[in-house]
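Chain residues, written in single-letter form:
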Amino acid sequence: MTAPNVAVGQTNKIGLTKNEYRGLPSTLCQGCGHNSIANQIITACYELDMVPENIVKFSGIGCSSKSPTYFMNRSFGFNGLHGRMSSLATGAIFADKSLRAIGISGDGDTASIGMGGFKHMVRRNVPMVYIVENNGVYGLTKGQFSATAEVGLNLKHQGINHYMPVDICMEALASNATFVARSFAGDAKQVKELIKAALSHRGISVLDIISPCVTFNNEENTFHSYMWGKDHEAPLHEIMYTPKLAEIILDGDFPEGTVREVSLHDGSTIILKKLEKDYDPTSRAGAFQMLEQAQVNNWLVTGLLYIDISKPTLTEIYNLVDTPLNRLSESDLRPSLETMDKINAMMF
Amino acid sequence: MAQKIINNFSITIATVNGSGSQTANVTLLRALFKMGIPISGKNLFPSNIQGLPTWYTIRLSKDGYTARRAQQEIVVAINPTSAARDLASVCPGGVFFYADDIKLPLNRKDITFYPMPVKSLAKSANVSPALRDYIANMVYVGVLAKMLSIDLEAIKSALNFHFKGKAQAIESNFSTIKAGFDWAEQNLKKIDPYMIQPMDKTKGYIMTDGNTAAALGAIYGGVQFAAWYPITPASSLAEALNVYLPQLRKTPEGKQTYAVLQAEDELAAIGMATGAGWAGLRSMTSTSGPGISLMSEYAGLAYQSEVPLVVWDVQRVGPSTGLPTRTAQGDLTGVYFLGHGDTQSVILLPGSVQECFEFGWKAFDLAERLQTPVFILSDLDLGMNQWMTRPFKYPDTPMDRGKVLWETDLEKLNGNWARYLDKDGDGITYRTVPGNRHPSASYFARGTGHDENARYTEEAVPWEANLARLKKKYDTARKFVPPPLIRKTAGVKIGIIAYGSTEAAIEEARFLMARESGLKSDFLRLRALPITKKVADYIESHERIYIVESNRDGQLCQILNAVLPEHANRFHSTAHTDGLPLTAQWVAEAITAQEKKL
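What comes next is a walk through the structure. (Residues numbered from 1 in each chain as written. Chains lettered and ligands numbered in written order. Predicted model: local features only at pLDDT ≥ 70, side-chain atom pairs only at ≥ 80, totals over all residues.)

**Here we look at the overall build of chain B**
So the rule is basically this: The way it works is that DSSP assigns letters per residue, a run of H or I at least four long becomes a helix, a run of E at least two long becomes a strand, and they are numbered from the N terminus. We take the radius of gyration over the C-alpha atoms and set the globule estimate at 2.2 Å times the residue count to the 0.38 power. Burial is judged by counting other C-beta atoms within 10 Å of a residue's own C-beta: 20 or more means buried, 12 or fewer means exposed, and anything between counts as partly exposed, with every C-beta placed from the backbone.
The secondary structure content of chain B amounts to 19 helices and 23 strands. For 598 residues, the compact-globule estimate of 2.2 N^0.38 gives 25 Å, and chain B sits close to it at 26 Å. C-alpha atoms of chain B, sized along the principal axes, occupy 85 × 65 × 40 Å. Counting all 598 residues of chain B, 56% fall into the buried class.

In structure tokens:
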């Protein structure tokens with residue numbers, strides 16, 4: 001559209017400044033958790049030396065879904081329909097397998113109107129980082145309950161929520177997700193490290209990030225508030241992402257068995273430093289158990305809940321040609337003239 | 001015996017759904033086609049896997065009229081449940097073949113009866129008991145072959161095609177046919193006038209269905225992505241993609257240049273197709289009416305964000321399940337306005353199986369040229385029934401990928417371009433697709449208000465300007481859509497306008513009206529929307545225009561009234577829908593009746 005920003009300031013290995021990963025100024029509320037997440041996406045991509053043109057962004061509808069315009073101006077993006085980003089992205093990723101997709105959704109967009117599509121996208125292992133900016137409330141339509149709102153939540157114009165909440169991580173696991181993580185927008189470092197790990201994962205990466213709505217759902221005692229999150233966050237581990245070939249430097253002295261390493265497809269590694277709980281993110285049963293335990297104990301467990309790098313992604317299942325499909329020419333796409341007679345002969 | 005009636009009658013076969021009769025019926029149809037006789041076959045089936053009554057109607061027409069006929073000269077009754085009604089449906093002078101275990105008073109004196117020992121002959125067939133019920137249907141094929149003089153070699157070649165050359169299946173079916181044939185030879189005396197004789201009127205034709213043709217057309221159009229959700233009568237279109245794509249579109253190394261995905265619902269099917277179309281793939285989905293309604297939200301977004309996309313609507317009857325296995329042209333206005341706010345769709349209206357192929361590839365050129373969803377309205381009759389048709393013609397124009405800018409194009413422009421800027425004045429703007437690595441290639445697609453640079457805005461002026469440009473683009477579409485086919489004689493005052501699968505009925509109706517009431521008529525077969533000047537000129541050159549269609553409200557008539565209100569006094573809606581393909585008789589009577597009222 002317009003010429004890219006002139007590089008000023010510090011550059012990364014591909015010669016881009018952080019500025020070149022930014023988007024337009026946010027139009028969300030001051031202090032919205034979503035802005036913090038957008039900033040961590042910018043930092044993660046900058047630090048990973050990602051080429052902005054290699055990223056493609058998707059979103060549904062809602063406050064969360066506005067945010068793709070607030071990062072990565074040089075990346076293509078498509079703001080689709082409410083609850084229907086899953087299918088939009090599924091179709092688009094076939095065009096060029098080398099693109100990395102980032103989808104931004106919300107709790108209403110994913111867990112209410114988009115639940116069906118979400119689960120099918122997950123079970124197909126669509127290669128995409130799928131971030132749910134989860135605040136338990138519909139912000140853009142001014143404060144209605146979402147499907148992730150906790151029982152008993154009292155909202156100004158809505159009264160009390162009587163229904164059990166949907167746990168997005170649980171739904172993702174049940175649908176055979178290959179990467180499931182939960183974080184808290186107030187824990188910027190963890191958000192960033194998880195985004196980096198997710199970008200290195202080949203299949204679907206579901207990141208459920210509790211992202212408080214400062215306008216409609218930020219009472220101190222509510223599950224999706226900053227205060228509650230800060231008081232109740234129970235990180236499973238300290239997470240560090242190290243790109244391929246990077247030297248691993250761990251601060252402090254770690255006794256054997258306190259660090260767990262998980263290798264990703266592109267040669268990068270996730271290092272999980274054990275905190276209070278000994279948690280194995282390669283066990284699906286363990287992940288279910290942890291989520292169940294968290295619910296009972298009122299913990300906001302954060303960190304990498306589950307990872308499985310053995311499953312093929314959607315595009316891998318299709319055995320596509322190496323050239324991006326959207327660069328194939330007529331000679332690749334239109335069968336030859338000679339085949340026409342054969343086809344006619346195949347009819348009766 | 002009365003005077004022979006040769007190659008000019010209809011046969012209806014009444015069986016139980018799911019009993020394997022479809023194989024027997026299509027074998028008969030193909031054998032007649034092989035004998036060179038113009039034919040059509042209509043499967044009138046219930047929404048049911050097994051057990052309900054089903055009918056198959058074959059029309060033989062030495063003169064080449066292949067529309068469905070209401071009158072049945074020959075009825076073959078295999079299903080006890082429907083036998084009484086089947087007996088009543090035989091026209092005077094007709095013939096009633098019946099399975100001899102059906103208990104029914106044979107109380108008509110005006111027709112001929114022939115019993116058939118279907119069960120006993122099937123029992124003696126050399127097949128496993130599991131297959132016995134299926135093969136029983138071949139008994140009536142054999143009896144009909146004998147009594148009507150159908151060539152056994154033609155039947156054999158039909159079986160060979162159906163069973164893809166599998167010797168055992170061909171043999172066991174054929175031996176049952178032969179058993180029926182021999183039994184009839186020894187036990188029945190021909191006393192009816194109906195005869196079949198070989199002709200040479202199917203030379204240069206093939207026989208297939210519209211959905212297969214549509215899928216093949218899409219493949220020759222370079223389809224790269226198709227997402228779909230099962231729905232009668234559209235499922236076989238996507239299934240045909242899965243049959244033919246691996247044969248035609250894999251590299252020598254076995255890699256695919258395409259992807260077909262069965263989605264979780266129609267919302268997702270069109271969502272996927274929209275994503276793929278936006279990202280630069282030749283993208284499509286196929287569905288029927290209920291699926292179209294689910295697709296309307298994405299269709300509206302694709303229209304507004306200008307995404308090329310092809311949507312096949314193989315129309316069926318009514319909402320929900322309605323009459324899911326019957327045919328109609330009931331989605332025209334719905335699709336024309338599909339979306340929210342002001343939308344007008346580009347619609348193609350194939351009238352033959354060959355045209356399903358042609359529009360199958362052309363639709364991609366149109367969609368990419370116009371950067372908009374292009375809808376193709378077929379119907380169950382065209383899509384699922386076997387038709388004799390001209391062979392598929394290889395595309396005669398190169399692919400038109402429309403206005404797409406790649407890296408080198410952007411370099412030449414120094415990166416200066418705007419996604420929604422009408423540079424050429426035709427309403428069609430330039431686009432880039434993801435994967436273009438030029439630093440100024442990207443833009444953010446959205447349904448939200450946007451300016452020429454695809455930037456978010458809720459300002460009044462850019463919103464209205466954009467809508468006006470989309471209208472201009474729709475005007476440009478008139479230059480690209482397939483023109484109508486017109487059969488016109490100087491001085492004729494009556495013009496018929498119709499579209500889609502009703503062509504055969506219209507052509508025959510014109511013949512009938514001329515013969516029986518001296519009523520001469522011209523015919524315009526509309527092949528696309530928007531309405532073009534040629535259509536307006538045709539209308540203007542006639543005093544009265546009869547718009548014939550298979551729906552209740554006269555949907556094309558509604559559109560013509562809206563687009564050409566100055567001609568509204570010429571329009572006479574001639575619409576009818578009962579789930580069955582229109583007959584020539586009905587068309588002729590409906591027009592004649594309106595003419596008499598004048």
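That covers the picture; the talk isn't over yet.
**What about the packing of helix 3 (residues 85-92) of chain A against helix 5 (residues 115-123) of chain A?**
All names here are of chain A. For clarity, the cut-off: Helix axes are fitted only over the stretch in contact, all axes being lines through C-alpha atoms; the angle between N-to-C directions runs from 0 to 180 degrees. By the convention adopted here, residues are in contact when the distance between their C-beta atoms, placed from the backbone, does not exceed 7 Å. Amino acids are sorted into nonpolar (Ala, Val, Leu, Ile, Met, Phe, Trp, Tyr, Cys and Pro), charged (Asp, Glu, Lys and Arg) and polar (every other residue, Gly among them).
Running from N to C, helix 3 and helix 5 point in directions that differ by 35°, and their axes come no closer than 8 Å. Where helix 3 approaches helix 5, its residues Ser-86, Ser-87 and Thr-90 are matched on the opposing element by Gly-117, Phe-118, His-120 and Met-121. For the contact of helix 3 with helix 5, a count of residues per class yields two nonpolar, five polar and no charged.

**Focus on the environment of A:Ala149**
All names here are of chain A. Looking at where Ala-149 falls in the secondary structure, it is placed in the loop between strand 6 (144-145) and strand 7 (154-155). A residue is classified by how many C-beta atoms lie within 10 Å of it, and Ala-149, with 27 of them, is buried. In this structure, the C-alpha to C-alpha distance between Ala-149 and Pro-165, residues 16 residues apart in sequence, is 5.5 Å. Beyond its immediate sequence surroundings of up to four residues, Ala-149 is in contact with Gly-136, Val-137, Asn-161 and Pro-165.

**Notes on the packing of helix 1 (residues 21-34) of chain B against helix 5 (residues 152-162) of chain B**
Packed helices, taken two at a time, are described by the angle their axes make and the gap between the axes. Residue and element names in this part refer to chain B. Quick note on the threshold: In these notes the angle categories are as follows: under 35 degrees is roughly parallel, over 145 is roughly antiparallel, 65 to 115 is roughly perpendicular, and the rest is oblique. Rotating anticlockwise by less than a right angle from the far helix to the near helix defines a left-handed crossing, while the corresponding clockwise rotation defines a right-handed one.
The geometry of helix 1 relative to helix 5 is characterised by a closest axis approach of 8 Å and an angle of 125° between their N-to-C directions. Between helix 1 and helix 5, the angle is such that the two are oblique. The handedness of the crossing between helix 1 and helix 5 is right-handed. Only Ala-154, Ile-155, Ser-157, Ala-158, Leu-159, Phe-161 and His-162 of helix 5 make contact with helix 1, whose side of the interface consists of Thr-23, Val-26, Thr-27, Arg-30, Ala-31 and Lys-34.

**Concerning the interface of chain B and chain A**
Taken together, the contacts link 62 residues of chain B with 49 residues of chain A. Taken together, the elements giving at least two residues each to the side of chain B that touches chain A come down to helix 1, strand 9 (206-209), helix 7 (210-220), strand 10 (225-228), helix 9 (266-278), helix 10 (289-305) and strand 17 (444-446) of chain B. Looking at the side of chain B that touches chain A, the element that brings in the most residues is helix 9 of chain B, giving nine residues. Each residue belonging to the side of chain B that touches chain A can be placed in one class, and the counts come to 37 nonpolar, 17 polar and eight charged.

**Thoughts on the sheet that holds strand 20 (residues 521-526) of chain B**
All names here are of chain B. Basically, it comes down to this: Any two strands between which DSSP finds at least two bridges are classified as paired.
Within the open sheet, the five strands sit side by side as 18-20-19-22-23. Their pairing is mixed. The sheet is open, and its two borders are formed by strand 18 (485-487) and strand 23 (571-575), each paired with just one other strand. Averaged over all pairs of adjacent strands, the angle between their axes in this sheet comes to 20°, without regard to strand direction. As paired elements, strand 22 (residues 544-549) and strand 23 share five bridges and run parallel to each other. Across the sheet, residue Glu-549 finds its bridge partner in strand 23, namely Ala-575. Lying on the sheet, helix 17 (residues 533-540) is in contact with strand 18, strand 19 (494-499), strand 20 and strand 22; it crosses strand 20 at an angle near 160°.

**A short note on the nonpolar core**
Short version of the rule: For this entry, the nonpolar core is defined as buried Ala, Val, Leu, Ile, Met, Phe, Trp, Tyr and Cys residues connected by C-beta atoms within 7 Å.
Counting 266 residues, the largest nonpolar core has A:Val180, B:Leu32, B:Val76, B:Ala77, B:Phe97, B:Tyr140 and B:Leu144 as the members making the most contacts within it. Top element by residues in this core is helix 4 (residues 129-148) of chain B. It accounts for twelve residues. Beyond its immediate chain neighbours, meaning those up to four positions away, B:Tyr140 contacts B:Ala24, B:Val76, B:Ile78, B:Phe97, B:Met116, B:Val118 and B:Gly180. Counting residues in hydrophobic clusters, the runner-up holds seven residues, among them A:Val137, A:Tyr138, A:Leu153 and A:Phe216.

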